[in-house]
Amino acid sequence: MSNIVKMQVYKLFERFWHWLQTVLIFILLFSGFRIHGTHELISFSDATTLHTWAAILIMMLWAFATFWLFTTGEWRHYVPTRENLISVARFYILGIFKGEHHPYIKTYRRKHNPLQAIAYMMLKIVIFPAIWMSGTIYLLISFGLGDFLSGVGTVWIARIHTLAAVSIVGFFIVHIYMLTMGHSFIGHIKPMITGFDDVDLTDEQLAYLQADELDIIKENSQPLQDATH
Amino acid sequence: MKKYRYYTKSHYLLKLMIISIITGLFFMGTLVIADQSPTLEVGISEYAKSSQDQSRKTPKKSHSTTDHSSIEKLQGPFTTGPEVTKACLECHNEVGRQFMKNIHWTWDYKHPKTGQHLGKSVLVNNYCINARGNEGMCAQCHAGYNMTNSDFDFSNQENIDCLICHESTGTYYKTPTTKGNKACVNMFKDKPEIEWAKIAQSVALPSRNNCGVCHFFGGGGDNVKHGDLSSVLFDPPRDVDIHMSAEGENFTCVTCHVGEGHEWAGSRYEMLVNDTVGMGKPGMVRKTASCESCHGASPHPIKTVNGMKLNGHTDRVACETCHIPEIAKGGVATKIDWDWRSMGQLKNGKSFKLKEYTQGDGQHRATYKTIKGSLSYAENLQPMYAWFDGTMHYTTIDSQFDPALSSININSFSGSREDPNSRIYPFKRMHMTQPYDKGNNTLIYMHLWGDDDNALWGNFDFSKAIQAGMEENNAPYSGEWGFIETYSYWPINHMVAPKEEALVCADCHVKGGRISHLTGLYIPGAGGDQLLDYIYYIAIFGTLGGVLGHGVIKSIATNRRKNNV
């Protein structure tokens, strides 16, 4: 028996993290591509200042987020799984054109579909580390504190940094496009604002939440529903 | 209507006539003016301004513990320079020994790193070519008396010229020590007689007027040689030189060129380009003329990101690179090209000058001189930039080169990105087409000055002047000469701009920026890695295309399904 319940999937911190990160990534991309010479909408020195401060802020945010992920156990949501992977991939390649429904509904243990989980995981363990590590090295060198890094050429650091930035742009494009699929664009953004989304709960999970964490379940979703709608 | 049109036509005709008459008159007028103006000149001097003018304008307040005007021995009478020097040496009894080690006296320098024998007494440059053998003229800037040829007695202390550096009346001057050819006779005429006693009593610490009289006119005229040392520095506006301007720090030369025992910091042969000591510990005396010796190695305020970033540049970029964005400022141009090939043209059988370059201060500079050839100038000139480790290598009179090379570097320098002691440094580059020994593939000495048949300045004959120049200096000469192109490089240190006029990031961090020609560097924003950028664009637009394609197929499929329903 399963129950589709509107419950809080994105905690307050998670939402704060997501949106602050969005703003900072925008600032970083804008100023970063100015430094790279892609546009000249602001002065190079302003771009450097903006980029440096935004970078320091986002690294602090990531430090908090990492702490949060591990202390809350939320990191488990990002562990890759093969369950439903094929069906979700098949949906994007084929099913979506045939008008099929998305095969995945969030569960209590899995708020991301398996493709999302892999994508976010890669972002967190490959792309973001690539950008913050190369960025930190670059920052240290340009602040004259990088003598111990003298063996590392700035050319390669810059290349890794730029490649990671381009990957983030790519991620962003796909990320936004994904929001247009399924029921509605707003419907996809809303959970990241309110925190609430439909989740497929087992009877036990529902009973537990009703008993102990009532505040993360929407009142009106309390009546048990049949998942085979 | 018809009448009106007719009127218009005649009106235009009238206008046209008036304009042509005015234009005609204007051209006639300029021809007349040109005829009257002294385009035909004889002589060498290009001294438009002089230290004398400046000294009279700025009477000095002395803080010396000695009033030299009350010293008995300085009451004279003196009739020659050496007599004054003798009087100086009676009290300053160590100075002679000290000064004789000074390059201003020796004109001789043994390079500590390259081992090369350098100095004015031997070097070939790409201005007037060589001082050696032409001392009669060139020794006006020797800090001694009676240097008439290269056999000067360097051990005679009485030949030291104390006054050229220490007099403060502005009335002292030097003239050629030997007679030149008649083509040069009207130089230095109408000068008042030197009042030796008065001048001797005026001695003080060297002011910029003392140094400037030689160093601002190196190469035979105002700012000819260096580009960053001109008569403008006698009294520069703030934007020309923040250190030397009265509206800035009002420094004299010796404020930075410090020293002891009559030897000063600051050498072009061996420079300190990467001063990591900076200011040193409080109270520590540094005999260094580097920017860092006052400003430290991290001079930018660290309260902003940019300040920190700029400090992060100081280990690779010389202060001068950003803070001297232009040279030959303030209205006095510098010479950038000299072509000896056209030397010797005569007008009505006489030597002449054409002054067809008008510089910022309104003075006309010679673009052609019979005695020198064709000359080109530049003002507010952007320096060239290169990696520099401070060590200069010279093509000396005995260096052989390959004449097939497109040009010969009179001096060249080492330095690279890989060398942690090198920094990106600004230079003035001088180009010249000058004679060389075609048989031996070496540079040559020329006999320029003298009242004889071989002096170039008078006879305008390269063959004779080279033959004589090589012979009198015992340099091997094949007897054959040709012309070769040369470059010389002058490190730039003066004419530091106020900070608001320093370079900004985007002067280099931009495509085609000031140092875009330097290789092996990653300069953000300078558009290196062009190929990678294209790959990035393809990746981003590919992703965009991918999702758009997916979206289009999706909507087509949806529409088709709806229609089928």
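Residues numbered from 1 in each chain as written. Chains lettered and ligands numbered in written order. Predicted model: local features only at pLDDT ≥ 70, side-chain atom pairs only at ≥ 80, totals over all residues.

## Concerning the overall build of chain B
- Counting its regular elements, chain B contains 16 helices and 17 strands.
- Looking at chain B as a whole, 38% of its 565 residues are labelled buried. (Helix = DSSP H or I, 4+ residues; strand = E, 2+ residues; numbered from the N terminus. Buried ≥ 20, exposed ≤ 12 C-beta atoms within 10 Å, placed from the backbone.)

## Examining the packing of helix α2 (residues 44-72) of chain A against helix α4 (residues 114-142) of chain A
Residues and elements named next belong to chain A.
- At a minimum axis distance of 11 Å, the contact between α2 and α4 shows a crossing angle of 130 degrees. It follows that α2 is oblique to α4 by the angle criterion. Taken as a pair, α2 and α4 cross one another with a handedness that is left-handed. Mapping the contact onto sequence places T52, A55, M59 and W62 in α2 and F128, W132, G135 and L139 in α4.
- Residues belonging to the contact of α2 with α4 are distributed by class as follows: six nonpolar, two polar and no charged. (Axes fitted to C-alpha atoms, helices over the stretch in contact; angles between N-to-C directions. Parallel < 35°, antiparallel > 145°, perpendicular 65-115°, else oblique. Left-handed = near helix turned anticlockwise from the far one by under 90°. Contact = placed C-beta atoms within 7 Å. Nonpolar A, V, L, I, M, F, W, Y, C, P; charged D, E, K, R; others polar.)

## Focus: the interface of chain A and chain B
- Contact with chain A, which involves 28 residues of that partner, is made by 33 residues of chain B.
- At the level of secondary structure, the elements contributing two or more residues to the side of chain A that touches chain B comprise α1 (12-36), α2, α3 (85-98) and α5 (154-179) of chain A.
- Tallying contributions element by element places α5(A) first for the side of chain A that touches chain B, with 11 residues.

## Let's talk about the confidence of the model for chain A
- Per-residue confidence for chain A gives a mean pLDDT of 85, with 92% of residues at or over 70.
- In the model, residues 221-229 of chain A has pLDDT below 50 throughout and makes 10 contacts with residues more than four positions away in sequence or in other chains. (pLDDT = per-residue confidence, 0-100.)

## What to know about the sheet that holds strand β1 (residues 2-8) of chain A
Residues and elements named next belong to chain A.
- As summarised here, the arrangement of the three strands in space is β1-β3-β2, forming an open sheet in which the pairing is mixed. At either end of the open sheet lies a strand with only one pairing partner, and these are β1 and β2 (106-107).
- Bridge count between β1 and strand β3 (residues 196-202): seven bridges; the pairing is antiparallel. Within the sheet, the bridge partner assigned to Q8 lies in β3 and is F196.
- The strands touched by helix α7 (residues 203-212) within the sheet are β1 and β3, with β3 carrying the most contacts at an inclination of about 120 degrees. (Pairing = 2+ DSSP bridges.)

## Points about the pairing of strand β17 (residues 481-491) of chain B
Residues and elements named next belong to chain B.
- Looking at chain direction, strand β13 (residues 408-409) and β17 are connected through two bridges and run parallel. Looking across to β17, one finds that I408 is bridged to T486.
- With 11 bridges connecting them, strand β15 (residues 423-437) and β17 associate as antiparallel partners. Residue pairing in the sheet places K428 in a bridge with W490 of β17.

## Description of the nonpolar core
Residue and element names in this part refer to chain B.
- One finds Y425, I444, M446, L448 and A465 to be the most contacted residues of the largest nonpolar core, which totals 80 residues.
- Per-element tally for this core: the top contributor is β15, with six residues.
- Among residues more than four places away in sequence, those in contact with A465 are M446, H447, L448, N454, A455 and L456.
- Counting 19 residues, the second-largest nonpolar core is a separate cluster that includes A87, C162, Y172 and A200. (Core = buried A, V, L, I, M, F, W, Y, C linked by C-beta atoms within 7 Å.)

## Some thoughts on the confidence of the model for chain B
All names here are of chain B.
- Mean pLDDT over chain B stands at 87; residues scoring 70 or higher make up 88%.
- Note on residues 1-8: pLDDT under 50 across the span, and zero contacts to partners over four residues away in sequence or across chains.
- Per-residue pLDDT stays below 50 along residues 28-46; that stretch engages in 22 contacts with residues further than four places along the chain or on separate chains.
- Scored as a complex, the prediction yields pTM 0.85 and ipTM 0.83.

## Re the environment of R514(B)
Residue and element names in this part refer to chain B.
- The topology assignment puts R514 in the loop between β17 and α16 (530-564).
- Residues R514 and P383, 131 residues apart in the sequence, show an inter-C-alpha distance of 9.2 Å.
- In this structure R514 touches Y385, D507 and C508, once residues within four positions along its chain are discounted.

## Focus on the environment of K372(B)
Residue and element names in this part refer to chain B.
- With respect to the element layout, K372 can be found in the loop between β9 (368-369) and β10 (373-378).
- Exposure remark for K372: the 24 C-beta atoms within 10 Å place this residue in the buried category.
- Setting aside anything within four residues of it in sequence, one finds K372 in contact with W338 and M343.

## Some points on the environment of W490(B)
All names here are of chain B.
- Of note, W490 is situated in strand β17.
- Residue W490 is classed as buried on the basis of its 22 C-beta neighbours within 10 Å.
- Sequence separation between W490 and M384 is 106 residues; the distance between their C-alpha atoms is 9.9 Å.
- Once residues within four sequence positions are removed from consideration, W490 is found in contact with K225, H226, G227, F427, K428 and M430.

## Things to note about unusual backbone geometry
All names here are of chain B.
- Between G76 and the following residue, P77, the backbone shows a cis peptide bond with an omega angle of -5 degrees.
- Within the secondary structure, P77 is located in the loop between α2 (51-57) and α3 (81-91).
- Despite not being glycine, W107 has its phi angle at roughly 50 degrees, a positive value.
- Within the secondary structure, W107 sits in the loop between α5 (103-106) and β1 (109-110).
- Assessed through the 25 C-beta atoms surrounding it within 10 Å, W107 is described here as buried.
- The backbone of A328 sits at a positive phi, close to 55 degrees, despite the residue not being glycine.
- Along the chain, A328 turns up in the loop between α13 (319-323) and β5 (334-339).

## Observations regarding the packing of α5(A) against α16(B)
- Where α5(A) meets α16(B), the closest approach of the two axes is 10 Å, and the angle between their N-to-C directions is 10 degrees. Put simply, α5(A) runs roughly parallel to α16(B). Within the contact between the two elements, α5(A) uses R159(A), T162(A), V166(A), V169(A), G170(A), I173(A), V174(A) and Y177(A) and α16(B) uses L532(B), Y536(B), A539(B), I540(B), T543(B), L544(B), V547(B) and G551(B).
- Tallied by class, the residues present in the contact of α5(A) with α16(B) amount to 11 nonpolar, four polar and one charged.

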